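Single-letter residue listing:
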Amino acid sequence: MGWDYFSRLSRAARWYLPPSEAAEVLEDYREIVKGRSGEELRRDLGTPGAAVKQLVQPKAYRRWLAVFVFLSAPVILLTVDEVVSELSLCLYHLLGVTYFINSFAWSSFIAALSLPVGVAVSLVWFQGNGEKSRGLPKGMVPFFSVNMVGMAWVWFITWAVLELRFDVMDALFSSRIWLVHLTLIADTLIAGVTSLTGLIRARLEDRRWRAVYVWGLMGVVLNVFLWKLMTSMNPIDGVWQGSYWIRLVFITFIGLLGTGGSLC
């Protein structure tokens, strides 16, 4: 039971304290919890969170909270907006519901800034405020793999829309366009959860989890890009096709570059 208390204490220390301070605190507490029950430790020290909060430096913790909110807010905002917008159109095609919710006007602007800014801020912050263990952190590969499938799907749908390959879409979905939106809802949700997971675990475990944050953020931004394309009133001719492809390649390039840099 004592080690269960210590594991919770470890998570609390890594969340509330900078890495160097958290390591020192955990080293001290390692001897304290040895051979003692969880009930005894809670009686003497309080809950793991309460024990750590006594050691928190308010300014340092507020800085971390500000960074966390700054990096997580675009992910949450874009994911919720994208899912609600896709869901409204999915219900329209499936049930004939006429109430249509389009994404908010600033989503394109937020999406355009969130990826390069998220890459830069997460790289700088965790480089000086994160730990790096030996070897690649366990559990990262599934997040990369699942989201890679989703990104490939976004690229495929984008190609079909830009090249006007409605024959391909019809062959796959038999005019059930709501299935496309349903897959994009799932893709956006997975990307959003992936990004937030990477951000949290970059603080709690290894700074290289920031790569998962960037990877998931790229997935969200790609889905926002596709949504804007599918609901755009611009004619898809040679000129418009080129501009859309440039944006798609740029998003993917920044995401891949940021992910690679974040693994260092």
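Residues numbered from 1 in each chain as written. Predicted model: local features only at pLDDT ≥ 70, side-chain atom pairs only at ≥ 80, totals over all residues. Heavy atoms only, no water.

A. Local environment of the overall build of the protein. Along the backbone of the protein there are 11 helices and zero strands. Starting at the N terminus and ending at the C terminus, the protein contains elements arranged as α-α-α-α-α-α-α-α-α-α-α. Principal-axis analysis of the C-alpha atoms places the extent of the protein at approximately 70 × 35 × 30 Å. Counting every position in the protein, which comprises 264 residues, the buried fraction comes to 44%. Contacts spanning at least 24 positions in sequence make up 81% of the contacts within the protein whose residues lie at least 6 apart. On the protein, roughly 13400 Å² of surface is accessible, and the fraction owed to carbon and sulfur atoms is 67%. A gap of 6 Å separates the mean positions of the 24 positive and 20 negative side-chain charges of the protein. (Helix = DSSP H or I, 4+ residues; strand = E, 2+ residues; numbered from the N terminus. Buried < 20%, exposed > 50% of the residue type's maximum accessible area, 1.4 Å probe, protein only. Contact = heavy atoms within 4.5 Å. Areas by Shrake-Rupley, 256 points an atom, 1.4 Å probe, with all protein chains shown as cover. Lys, Arg positive; Asp, Glu negative; His and termini not counted. Charge placed at Lys NZ, Arg CZ, Asp CG, Glu CD.)

B. Layout of the pattern of salt bridges. With the rule as written, the count across this model stands at five salt bridges. A salt bridge links R165 to D167; the shortest N-O distance between them is 3.0 Å. Between D206 and R208 there is a salt bridge, and its shortest N-O distance comes to 3.0 Å. Note on accessibility: D206 and R208 belong to one class, buried. (Salt bridge = Lys/Arg side-chain N within 4 Å of Asp/Glu carboxyl O.)

C. Structural view of the nonpolar core. In terms of nonpolar packing, the biggest core is built from 64 residues, with Y16, L17, W64 and L115 touching the most fellow members. L17 has contacts with A22, V25, V52, L55, V56 and R203, leaving out every residue within four places of it along the chain. (Core = buried A, V, L, I, M, F, W, Y, C linked by side-chain atoms within 4.5 Å.)

D. Local environment of the packing of helix α5 (residues 58-95) against helix α9 (residues 177-204). The contact between α5 and α9 brings their axes to 8 Å, and the two run at 170 degrees. In terms of their interaxial angle, α5 and α9 are classed as roughly antiparallel. (Axes fitted to C-alpha atoms, helices over the stretch in contact; angles between N-to-C directions. Parallel < 35°, antiparallel > 145°, perpendicular 65-115°, else oblique.)

E. Layout of a nonpolar patch on the surface. Taken together, F70, W106, F109, L113 and V117 make up a surface patch of nonpolar side chains, about 530 Å² in accessible area. Among the elements that take part in the nonpolar patch, helix α6 (residues 107-128) stands out by supplying three residues, more than any other. Positionally, L113 belongs in helix α6. (Patch = residues over 30% accessible without salt bridge, like charges linked within 9 Å, V, L, I, M, F, W, Y side chains within 5 Å.)

F. Broad picture of the packing of aromatic side chains. Here the structure, examined in full by the defined rule, presents 12 aromatic pairs. When the centroid spacing of 5.4 Å and the interplanar angle of 75 degrees are considered together, the rings of F144 and W215 count as edge-to-face. Placement of F144 in helix α7 (residues 140-162) and of W215 in helix α10 (residues 210-230) is noted, with a sequence separation of 71 residues between them. Assigned by exposure class, F144 and W215 land together as buried. (Phe/Tyr/Trp six-rings, centres within 6.5 Å; stacked < 30°, edge-to-face > 60°.)

G. Layout of the packing of α5 against α6. Two numbers describe how α5 lies on α6: the axes approach to 10 Å, and their chain directions differ by 150 degrees. Considering only the axes of α5 and α6, their crossing is left-handed. Contacts between α5 and α6 pair R63, W64, V67, F70, L71, P74, L77, L78 and D81 from the former with S107, I110, A111, S114, V117, G118, V121, S122, W125 and F126 from the latter. Of the residues in the contact of α5 with α6, the class split is 13 nonpolar, four polar and two charged. (Left-handed = near helix turned anticlockwise from the far one by under 90°. Nonpolar A, V, L, I, M, F, W, Y, C, P; charged D, E, K, R; others polar.)

H. Region of the structure containing the environment of W178. Mapped onto the secondary structure, W178 falls in helix α9. Put simply, W178 and G192 are 14 residues apart on the chain and 21 Å apart in space, counted from C-alpha to C-alpha.

I. Fine view of unusual backbone geometry. Despite not being glycine, L164 has its phi angle at roughly 55 degrees, a positive value. The residue L164 is located in the loop between α7 and α8 (166-173) in this model.

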